[in-house]
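One-letter residues, chain by chain:
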Amino acid sequence: MVAGGQDVGSRPASPCDGLRDRVRLGRGTWLNSRSRSSSQAAAYRFQRLPCRRHSTQAVIRTLYGDIPAKCANIIEEAVLLCVREPQMDASDELLRRAAPSALLTLDGAIRSLNAAMARTLGRSAGQCVGRGLVDLMPVSQLTAVESLLAHAATTKTIVMRVLEFPGPGAASVVCLVEARPVKDPAGGEPLVWVHSLDAGNDRSGLLIPFRLAAEAANLGLCMYSPQEHELEWLGGAPALAALFPEASMSLSEVVRRAHPDDRGALRRLVTSTAARSPWIRLRFLTERDGCHHLVCQARRIILGSGGPERVFGVIRDDTKGEARRRRALVALSAERQRADEIAAFSSAVMTAVTEQEVRQVVLTRLAATFGGTGAALAFITKGRLRVSSDAGIPIPVAALHGLPLDAPSALPYVIRTGEPQFIPNQEDYIRRWPHGAMLPYFDQLDSGYAISITSLSPICDQPFGAWLVTYDSEHHSSPDERALMGTLADLAGQALKRVRLQEARVELATALQQTMLPTLPEHLPGLEVAARYRPSRDGLDIGGDWYDAFVMPDGAIALEIGDTQGHDVDAAAAMGQVRASMRAIAAHEPDPATVLTRTNELLVTMATTRFASCTMLHIDPDDGQVTGASAGHVPLLYARDDGSHSIRELPGGPVLGVLPDADYSEETFTLDKDAALVMVTDGVVEGPTLTLDAGLERTGTLAAQAVHDGLNAEETADRILDAAVAVNHLDDVAVLIIRRT
């Protein structure tokens with residue numbers, strides 16, 4: 001080739017030509033070792049000058065002596081490039097290193113990587129290229145990886161961070177990673193070079209993030225070396241450090257301190273080959289404060305690429321949590337015992353057929369049921385109190401016996417008005433009743449004494465009597481306790497009322513059954529509730545059917561309907577027992593499935609010979625959400641205002657009182673506006689000539705037509721009851737309807 005009349009190929013070679021070509025190729029990435037070391041040495045000398053404004057040419061002359069000006073200019077350009085921005089080798093050289101290395105785009109995608117990095121990521125190279133590094137890392141490392149790459153890409157500086165990689169096998173790999181900006185030698189594209197540094201001289205530095213994380217989570221961290229059989233405490237929660245008085249302990253010493261029954265689990269934990277073991281519970285004995293309940297997990301980790309494998313132990317001291325769990329179990333046991341006492345109280349009151357039997361039940365069970373120290377029972381005879389006690393009250397019965405009904409004190413007031421009085425201490429009693437004549441000896445007692453008084457007659461009913469419970473210390477009755485005391489007092493009052501009327505045993509049982517059928521809540525916003533009940537032979541036989549409806553503490557409406565086996569006094573008693581137990585349990589466990597489960601547990605433990613079927617619903621009056629469960633009961637009927645209906649078989653379980661440890665399930669659905677749910681017992685839908693399927697279809701059609709005709713819940717219930725009676729039913733009949741308006 002000829003230029004300007006001279007053949008370039010024949011021109012004498014300039015000492016600058018090779019260096020110029022290398023600068024044009026790499027713009028600072030030197031392929032020749034001599035020119036590379038020269039330019040970097042010049043850059044190093046230039047950076048150490050007191051002022052960057054000193055002549056670069058002076059440095060070059062110091063290094064190279066007297067060289068042609070063109071060569072000096074090229075070297076100067078290289079020096080300035082090296083000083084202005086860190087530059088690295090070409091990609092193939094960067095990835096030729098033994099340590100895990102990768103080149104990433106600025107958005108974190110892997111451009112290329114070496115085999116060591118692929119192994120550290122636990123994948124093949126083909127599975128890694130093109131994917132984001134954060135996508136290949138454990139979830140716990142995402143924030144750290146993103147921060148590392150962002151700093152390297154945006155600040156143009158070298159950054160380091162400890163990262164945990166998935167690893168090639170069960171153990172993850174912890175490395176000190178450096179990220180620095182580089183440029184693609186081919187196109188000049190900015191990249192980030194990520195590579196693992198050799199941390200062999202300070203492997204403990206790799207553990208700092210784990211120790212800080214453990215301390216933040218109030219956990220302890222230790223490390224087990226399988227070769228040395230030593231357990232080393234790394235740090236974490238200061239309170240846990242007291243469990244390990246020495247920084248390093250032999251495995252045999254640690255095992256010795258574990259409870260004998262837990263030593264095998266501890267050995268399996270530290271020798272586990274899994275990447276992460278399940279959490280296990282250990283009891284660990286200390287010299288100072290006894291037994292600790294620890295929850296531990298082991299992880300296998302490799303310290304640095306190609307480094308040693310260790311087993312990390314994460315420890316949580318659950319001693320306080322275990323104590324809370326034990327207290328919860330004690331409380332649950334106490335609650336079950338209380339439920340047993342309530343059920344036994346209810347059953348005994350309802351089966352009593354004489355006044356003496358009622359008195360025995362009350363004075364034997366009342367104080368124990370409500371945690372008191374004494375109890376008394378007062379009746380009205382010719383306008384004066386007739387009092388008996390269990391000898392546990394602190395005031396002689398004579399001080400109460402014979403008081404007139406109009407005396408200005410608490411006990412006569414409760415009997416007159418039906419309004420209960422819950423007096424937490426002596427001071428409160430004197431404040432309320434400064435002229436009270438009920439307790440002449442009350443001012444001689446300790447101020448901590450408390451009294452709860454409940455009428456045996458409803459408010460505005462004819463005065464009948466009352467009972468009182470005394471406490472030897474200050475006592476504040478909870479709303480649930482007050483409601484339960486009122487319910488049981490009402491049961492006792494009804495039993496005594498029937499006894500006084502000298503009714504026959506069957507009539508008394510029938511009356512008690514009727515008292516167990518509750519007064520339905522009125523004026524429910526957006527809802528109408530109606531119920532009907534009729535015994536099998538107009539009251540001559542005793543039935544076990546029942547229903548209930550009440551407002552829950554959260555404002556929802558609870559409804560239940562059921563059928564206890566039999567038609568006698570025992571059936572009525574069992575019915576009352578089941579209903580009272582369900583209401584008491586529902587005050588603490590609002591979910592229908594849970595209420596049925598607890599009721600079944602109660603009946604099974606009582607070894608009752610009766611079983612009961614039941615359906616329970618929990619309805620939110622605001623949005624019509626219904627949660628329901630069934631214990632072997634008749635299906636639910638859903639009637640709509642368009643005249644259609646459906647039969648809804650609720651999930652649940654077996655009848656109550658038969659199978660121990662039975663589980664009950666529930667489902668949730670929506671009750672539409674102007675629609676109604678119809679709950680019935682089997683006497684409504686079965687008869688001598690009526691099958692269950694035919695009866696359900698017949699009752700559903702009647703209910704849907706009533707809703708379509710615009711009848712309210714009361715009128716719909718009457719229509720269904722009248723139809724059931726017309727088929728000459730032999731069983732009890734109970735109907736409970738709720739309609740959303």
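Rules behind the numbers
- Sequence order as written defines the numbering, with residues in each chain counted from 1.
- With pLDDT at 70 or above as the cut-off, local features in this predicted model cover only qualifying residues; side-chain atom pairs require 80 or more to be listed or tallied, and sums for whole chains, interfaces and linings still use all residues.
- To obtain the side-chain values, all non-hydrogen atoms of the structure were included, while hydrogens and water were left out.
- Note on conventions: DSSP H or I runs of at least 4 residues are helices, E runs of at least 2 residues are strands, and numbering of each starts at the N terminus.
- Residues are treated as being in contact if the distance between any of their heavy atoms lies within 4.5 Å.
- Polar contact is defined as a pair of N or O atoms within 3.5 Å, subject to the rule that within protein one atom must be able to donate a hydrogen and the other to accept it, and that residues adjacent in sequence are counted only when both atoms are side-chain atoms.
- For salt bridges, the criterion is a side-chain nitrogen of Lys or Arg within 4 Å of an Asp or Glu carboxyl oxygen.
- Burial classes: relative accessible area under 20% of the type maximum marks a residue as buried, over 50% as exposed, and values in between as partly exposed (1.4 Å probe, protein chains only).
- Given the number of residues in a helix, its expected span is that number minus one, multiplied by 1.5 Å.
- Patch members must show over 30% relative accessible area and no salt bridge, and they are joined within 9 Å when carrying like charges or within 5 Å when they are nonpolar side chains of Val, Leu, Ile, Met, Phe, Trp or Tyr.
- Working definition of accessibility: Shrake-Rupley area with a 1.4 Å probe, residue cover restricted to the visible protein chains.
- In this text, buried Ala, Val, Leu, Ile, Met, Phe, Trp, Tyr and Cys residues form a nonpolar core when linked through side-chain atoms within 4.5 Å.
- For every residue, the pLDDT score states the predictor's confidence, bounded by 0 at the bottom and 100 at the top.
- Here a Phe, Tyr or Trp ring, Trp counted by its six-membered ring, pairs with any other such ring whose centre lies within 6.5 Å, and the pair is stacked when the planes are under 30 degrees apart, edge-to-face when over 60, and tilted otherwise.
- Only strands joined by at least two bridges in the DSSP assignment are considered to pair.
- Convention adopted: a line fitted to C-alpha atoms gives each axis, helices being fitted over their contacting stretch, and angles between N-to-C directions are expressed from 0 to 180 degrees.

(A) Broad picture of the environment of Thr627. Relative to the helices and strands, Thr627 is located in strand β23 (residues 625–631). Setting aside its immediate chain neighbours within four residues, Thr627 contacts Pro592, Met616, Leu617, His618, Glu666, Glu667 and Thr668. Only 3.1 Å separates the side chain of Thr627 from the side chain of Thr668, close enough to count as a polar contact.

(B) Examining the pattern of salt bridges more closely. All chains considered together, the criterion is met by 23 salt bridges. For the salt bridge of Arg579 with Asp548, the shortest nitrogen-to-oxygen distance reads 3.5 Å. Highlighted residues: Arg579 in helix α20 (residues 569–586) and Asp548 in strand β20 (residues 545–551), separated in sequence by 31 residues. Each of the two residues, Arg579 as well as Asp548, counts as buried. Through salt bridges that share partners, Arg111, Asp184 and Glu189 make up one connected network.

(C) Representation of helix α14 (residues 319–351) within the structure. The terminal C-alpha atoms of α14, which comprises 33 residues, lie 48 Å apart, in line with the 48 Å expected from a rise of 1.5 Å per residue. Of the residues making up α14, those classed as buried are Gly321, Glu322, Ala339, Ile342, Ala343, Phe345, Ser346, Ser347, Ala348, Val349 and Met350.

(D) Seen up close, a nonpolar patch on the surface. Taken together, the side chains of Phe611, Val658 and Leu659 present a nonpolar region at the surface, about 250 Å² in accessible area. Its location among the elements puts Phe611 in the loop between α21 (592–605) and β22 (612–619).

(E) Expanded view of unusual backbone geometry. In the Ramachandran plot, Asn218 falls in the positive-phi region, its phi being about 60 degrees despite a non-glycine side chain. Exposure remark for Asn218: the relative accessible area of 53% places this residue in the exposed category. Despite not being glycine, Asp661 has its phi angle at roughly 60 degrees, a positive value. Along the chain, Asp661 turns up in the loop between β26 (652–653) and β27 (667–670). Take Asp661: its relative accessible area is 70%, and that puts it in the exposed class.

(F) Quick look at the nonpolar core. Core analysis: the largest hydrophobic core is formed by 30 residues, its most contacted members being Leu366, Leu456 and Trp467. Counting residues per element, this core draws most heavily on helix α18 (residues 479–500), which supplies eight residues. If sequence neighbours within four positions are ignored, Leu366 has contacts with Phe345, Val361, Ala375, Trp467, Leu468 and Val469. In this structure, Leu104, Ala118, Cys128 and Leu149 belong to the second largest nonpolar core, which totals 28 residues.

(G) Just the confidence of the model for the protein, in detail. Mean pLDDT over the protein works out to 80, with 81% of the residues at or above the 70 mark. Within the model, the stretch residues 1–54 combines pLDDT values under 50 with 69 contacts to residues more than four positions away or in other chains. Note on residues 81–89: pLDDT is under 50 here. Beyond four places in sequence and across chains, it has 24 contacts.

(H) Broad picture of the packing of aromatic side chains. Scanning all chains against the criterion turns up four aromatic pairs. Seen from their ring centres, Tyr638 and Phe669 are 6.5 Å apart, and the 50 degrees between their planes marks the pair as tilted. Residue Tyr638 is found in strand β24 (residues 636–639), and its partner Phe669 is found in strand β27; the two are separated by 31 residues along the sequence. The class of Tyr638 is buried, set by a relative accessible area of 4%.

(I) Layout of the sheet that holds strand β25 (residues 645–648). On the basis of which strands lie adjacent, the open sheet formed by five strands has the order β19-β29-β28-β24-β25 and antiparallel pairing. At either margin of the open sheet sits one strand with a lone partner, and together these are β19 (527–534) and β25. Pairs of neighbouring strands in the sheet enclose a mean axial angle of 15 degrees, with direction left out of account. Sheet strands in contact with helix α24 (residues 713–726) are β19, β28 (676–680) and β29 (733–740), and its direction is about 25 degrees off that of β19.

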